[in-house]
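These are the residues of each chain, in order.
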Amino acid sequence: MCTADEAVASVRDGDTVLVGGFGMAGMPVTLIDALIAHGAAGLTIVSNNAGNGDTGLAALLAAGRVRKVICSFPRQADSWVFDGLYRAGKIELEVVPQGTLAERMRAAGAGIGAFYCPTGVGTPLAAGKETRVIDGRAYVLEYPIRGDVALIRAHTGDRMGNLVYRKTARNFGPVMATAAALTVAEVRHVVEPGAIDPEAVVTPGIYVDRLVEVAG
């Protein structure tokens, strides 16, 4: 257990940070606010979206701390912060199909060096990538995405770091937790070890390094 400020204190300039969330669902807003206050810059952010409205990830972008975004959905009705930065040439973007994004992080956690995937074959997303025909179907070679840090949100965690999520807030949290050198989870409730049914644990505590309890 630690504070949000303590949890992100070791993030360094230039780090790759995996940020959970499906839009705002499951986004670790408290940890992101702490990261803004911390001041680390030149970050590469990996997330499903490129920020919503003016809070959470969008606030980190607006603070000028992000060099590059790797995501599946960079634009939606409320992505004005990212839109403005991208059009001004102040931020880089790598678009990755949603399933491929999840699998690239899962591969990192599983120790897989690379994998072939059919998604994106024949499109600009496959430009410059190795392709191969397997059993009559074309595939593109994809590499893992590893994070220096993962910031995720869960509903409940015990003091050993075992996590359970609430509905859509689960999203990328489980794969991100396995794919980063340091995983920080903000949770609504912290309970004692044994209070969570082992069969209900989604992210085992072995993948979680720091736990922060937040209200709301």
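Residues numbered from 1 in each chain as written. Predicted model: local features only at pLDDT ≥ 70, side-chain atom pairs only at ≥ 80, totals over all residues. Heavy atoms only, no water.

Caption draft 1: Local environment of the side chain of Thr16. Along the chain, the position of Thr16 falls in strand β1 (residues 16-19). Excluding anything up to four places from it in sequence, Thr16 contacts Thr44, Val46, Arg146, Gly147, Asp148 and Val149. (Helix = DSSP H or I, 4+ residues; strand = E, 2+ residues; numbered from the N terminus. Contact = heavy atoms within 4.5 Å.)

Caption draft 2: View of the sheet that holds strand β5 (residues 115-117). Here 3 strands make up an open sheet; going across it, the order is β5-β7-β6 and the pairing antiparallel. Both edges of this open sheet fall to β5 and β6 (131-134), since each of them pairs with a single strand only. Each strand axis lies, on average, 45° off the axis of its neighbour in the sheet, ignoring direction. Taken together, the 3 bridges between β5 and strand β7 (residues 137-142) define a ladder with antiparallel strand orientation. Along β7, the bridge assignment pairs Phe115 with Glu142. Each of β5 and β7 touches helix α5 (residues 98-110); the most contacted strand, β5, lies at about 170° to it. (Pairing = 2+ DSSP bridges. Axes fitted to C-alpha atoms, helices over the stretch in contact; angles between N-to-C directions.)

Caption draft 3: How the structure looks around unusual backbone geometry. Here the phi dihedral of Asp135 falls at roughly 55°; this positive angle occurs in a residue that is not glycine. Here Asp135 is to be found in the loop between β6 and β7. Even without being a glycine, Lys167 presents a positive backbone phi close to 50°.

Caption draft 4: Main features of the pairing of β7. Inspection of the sheet shows β6 paired to β7 by 4 bridges, in the antiparallel sense. Paired with Val133 across the strands is Ala138, a residue of β7. Counting the residues between successive antiparallel strands, the hairpin from β6 to β7 contains 2 residues, one of them, Asp135, with a positive phi of roughly 55°.

Caption draft 5: Structural detail: the packing of aromatic side chains. The final tally for this structure, using the stated rule, is 1 aromatic pair. On the basis of an interplanar angle of 20° and a centroid distance of 5.6 Å, the ring pair of Phe82 and Tyr86 is categorised as stacked. Here Tyr86 and Phe82 lie together in helix α4 (residues 80-87), a separation of 4 residues that amounts to about one turn. Residue Phe82 is classed as buried on the basis of its relative accessible area, which comes to 2%. Relative accessible area serves as the criterion here: at 43%, Tyr86 is assigned to the partly exposed category. (Phe/Tyr/Trp six-rings, centres within 6.5 Å; stacked < 30°, edge-to-face > 60°. Buried < 20%, exposed > 50% of the residue type's maximum accessible area, 1.4 Å probe, protein only.)

Caption draft 6: Layout of the pattern of salt bridges. Counted according to the given criterion, the structure contains 10 salt bridges. The shortest N-O distance in the salt bridge between Arg75 and Asp83 comes to 3.4 Å. Its relative accessible area of 54% is what places Arg75 among the exposed residues. When salt bridges that share partners are traced, they join Arg12, Asp15 and Asp148 into one network. (Salt bridge = Lys/Arg side-chain N within 4 Å of Asp/Glu carboxyl O.)

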